[in-house]
Amino acid sequence: MNNSQWTPIRRMTLIGVVLLEVLVAFEQIAVATAMPTAARELDGLAIYPVVFAVPLATAVLAMVVAGPWADSVGPRVVIMTGVTLFVTGLLVAGSAQSMTMLIVGRSVQSVGGGLDSVALYVLIAMAFPEALRPKIFMSISAAWVAPSLFGPPLAGYLATNVSWRWVFWIGATLAIPALALLLPAMQRLPARVGDREPSSRVRRRLFAAAGAALGSVALSIAADRPVVPAVVLAITGVVLLVRSVPRLVPSGTIRGRRGMPAVIATRAVLGAAFLGTDIYLPLMLTRQHGMGATEAGLVLTVGALSWSLGAWVAGRRTTFEDQRRLARIGLVLLTIGIGVALSAAWPATPSWILYGAWLIGGGGIGLAYSPLTVLLMGMSTPEEQGRNASSLQTAEMLATSVLLAVSAIVFGGLTPHSHVAAFVSGLVLAVLAALLGVVVSRRLAPPSAGQLGKVSPSDAVAAE
C-alpha cells in the first residue's frame, strides 16, 4: 500500500471517525449496563422497554433521512447536525429528572447517531481512495472492541459509585473533539453535483421507515405480553414490516439478487445472526453452567477480540475479489461458531466449548463485516453513496431487531418448560440466519464497470 496516500488530513480524519464510532459504541453498550439504575432512580421501571424501543425507531428514521440528504449536499452538514443532536441528546438524558425526559434525550441522541452512521460512510467514500477503504472500515470494526471490553465495567462503576448520569456526559464531552478532527477533510470535499432525490420519494421512504420502525417495536414488546395482546402486536408488526421494508432497500434485496442487493441482504443477516447469538451466551453460562456474571461475560470479550483480529486480517486485503472471498469465509465461520455454541445449551457440555465457539464466531464476523461495506461503497456511484449506505444500515438494524423479537417470543414461551429447549430455539434462529447469509453471499458478484463509482472525489483531500 502506498504510504504517500496517508496525508496528515487523512490521518486526522481516520482518528476522528474512529473516535466517533467509539463514542457511539460506548453509549450503546454502557447505557444497557447503567439503565436499570437510572430507571429505578427515576421511578420508570414500568416503561423500561420503551427506553430502548423508541430510540430504535428514531434511529431508523434518521438513517433514511441521512442518505438522500448526504447525497444532495454532501456529508459535512449531515455530520455536523448529527454530532450536535448526539451531544444535545446525551446532555438531556444525563440531566433527566423523569423517565419521559430520559426517553426524549435518548431519542434525540439516536437521531444524531443515525445521521452520523450513514454520513460517515459517505465521508469515507469521498475522502479516501479505494485502496485505503478496507483499512478504514477495519478500523471502524475495531472501534467497537474497547467499548465491549471496558464499557460495562466502567458504566457499572459510575452507576454504583458516582452517578449513572456520567455515562451520558462522558460521551458528550468527547464528541466535539472528534468533530474537530473531521472538519479539515470535510472543508476540502467538492460540492455535490448529482441530482437531488425528489422530495416525494424521500417522503415515501420516510413513511416506510416509520412503518418499519413501528413494526419492529410492536414485535419487540409482544414478547412479554399476555397471549391475545401478543398475537395482535405480532401480526401488526409483521404486516407493517412486510409493507414497509421493501421500500427502504434496493429492488431485489429481499430476494438477495446478485450484486448490490445481495451485499445489503448478506450484511443484514450477518449482523442479525451474530447479535442473535451474542445476547444469549452469558445467560447460558450463568443458567446452564452455574458461572458468575464476570466469568460468563468473558465470552463476549473473547468474541470482541476475535472480531478485532478478523477485521485486521480483512483490512490487509484490498481487491474486490478478496473482499468477496473474506465475506463468504467469515459467514461460514460464524455459522460453525453458532452451531458449536448450540451444544452448550446442555449443562453436561464443558463450558470451555462455548468460549471456543465464540472465538470462531467472532473471527467470522470480523472477516465478513467490513468487506461487505467495502463492496457496497465500491458498487455505488458518488450520487448513490448516501442512499446505499442508508439502505445497508437500515436493513441490518431491522433484520437484527426482528430476529431478536421473534427469538424473545419463542424463548419466553419455552423457558417455563425447558431451559435447554429455550436456548436451543434462540440459537437455531441465529444459525438459520447465518446459513441464509452463506447462501446469499454466493451472489456477491464483482461490480462491472457500470456499477463502479465514476468519480473519485478523494483526491480533493489528498493535499496536506
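Because the structure is a prediction, the values reported are computed rather than measured.

Q: I keep staring at the packing of helix α5 (residues 133–142) against helix α14 (residues 352–379) and nothing clicks. Help me out?
A: Helix-helix packing is characterised by the crossing angle of the two axes and by the distance between the axes. Relative orientation of the contacting elements α5 and α14 amounts to 135 degrees, with a least axis distance of 9 Å. In terms of their interaxial angle, α5 and α14 are classed as oblique. Of the two elements, α5 crosses α14, and the hand of that crossing is right-handed. Here α5 contributes Arg 133, Pro 134, Phe 137, Met 138 and Ser 141 to the contact with α14, which in turn contributes Tyr 369, Ser 370, Thr 373, Val 374, Met 377 and Gly 378. Residues belonging to the contact of α5 with α14 are distributed by class as follows: 6 nonpolar, 4 polar and 1 charged.

Q: Help me understand the packing of aromatic side chains, please; the structure alone is not making it clear to me.
A: Aromatic ring pairs are described here by two measures, namely the spacing of the ring centres and the angle between the planes. Evaluation of the coordinates by the stated rule reveals 8 aromatic pairs. Taking 5.0 Å as the distance between ring centres and 40 degrees as the angle between the ring planes, the aromatic pair formed by Tyr 280 and Phe 411 counts as tilted. In this pair, Tyr 280 sits in the loop between α10 (260–278) and α11 (281–289) while Phe 411 sits in helix α15 (residues 385–414), placing the two residues 131 residues apart along the sequence. A relative accessible area of 5% places Tyr 280 in the buried class. The exposure class assigned to Phe 411 is buried, which follows from its relative accessible area of 12%.

Q: Looking at this structure, how should I read a nonpolar patch on the surface?
A: Taken together, the side chains of Val 227, Val 228, Val 231, Val 232, Ile 235 and Val 239 present a nonpolar region at the surface, about 560 Å² in accessible area. On the accessibility criterion, Ile 235 (51% relative accessible area) is exposed.

Q: Would you mind showing me how to read the nonpolar core here?
A: Nonpolar side chains tend to gather and get buried jointly when the protein is soluble and globular. If you look at the biggest cluster of nonpolar residues, it comprises 114 residues, and the most contacted ones within it are Ile 79 and Leu 102. Apart from residues lying up to four places away in sequence, Leu 102 is in contact with Met 35, Ala 38, Leu 42, Ala 93, Ala 96, Trp 164 and Phe 168. By size, the runner-up hydrophobic cluster in this structure holds 15 residues, among which are Ala 212, Leu 219, Leu 241 and Val 245.

The rules behind the values
As a convention, each chain's residues are numbered from 1 in the sequence order in which they are written. The predicted origin of the model limits local features to residues at a pLDDT of at least 70 and limits the giving and counting of side-chain atom pairs to 80 or more, whereas totals for whole chains, interfaces and linings rest on all residues. Side-chain measures were taken over the full set of non-hydrogen atoms in the model, leaving aside hydrogen atoms and water. The axes used here are C-alpha line fits, helices contributing only the stretch in contact, and every angle between their N-to-C directions lies in the interval 0 to 180 degrees. Under the DSSP-based scheme used, a helix requires at least four consecutive residues in state H or I and a strand at least two consecutive residues in state E, with every element numbered from the N terminus. To sort the angles, those under 35 degrees are grouped as roughly parallel, those over 145 as roughly antiparallel, those from 65 to 115 as roughly perpendicular, and the leftovers as oblique. In a left-handed crossing the near helix is turned counterclockwise from the far helix by less than a right angle, and in a right-handed crossing that turn is clockwise. Note on contacts: a residue pair is in contact if any heavy atoms of the two residues lie within 4.5 Å. Gly counts as polar in this scheme, as do all residues outside two lists: the nonpolar Ala, Val, Leu, Ile, Met, Phe, Trp, Tyr, Cys and Pro, and the charged Asp, Glu, Lys and Arg. Note on aromatic pairs: the rings of Phe, Tyr and Trp (six-membered ring only in Trp) are paired at centre separations within 6.5 Å, and the planes decide the class, stacked below 30 degrees, edge-to-face beyond 60, tilted for the rest. For the exposure calls, accessible area comes from a 1.4 Å probe over protein chains only, and a residue counts as buried if that area is under 20% of its type's maximum, exposed if over 50%, partly exposed in between. Patch criteria: residues need more than 30% relative accessible area and no salt bridge. Like-charged residues are merged within 9 Å; nonpolar side chains of Val, Leu, Ile, Met, Phe, Trp and Tyr are merged within 5 Å. Working definition of accessibility: Shrake-Rupley area with a 1.4 Å probe, residue cover restricted to the visible protein chains. Here, a salt bridge means any Lys or Arg side-chain nitrogen found within 4 Å of an Asp or Glu carboxyl oxygen. The term nonpolar core refers to a set of buried residues drawn from Ala, Val, Leu, Ile, Met, Phe, Trp, Tyr and Cys, joined through side-chain atoms within 4.5 Å.

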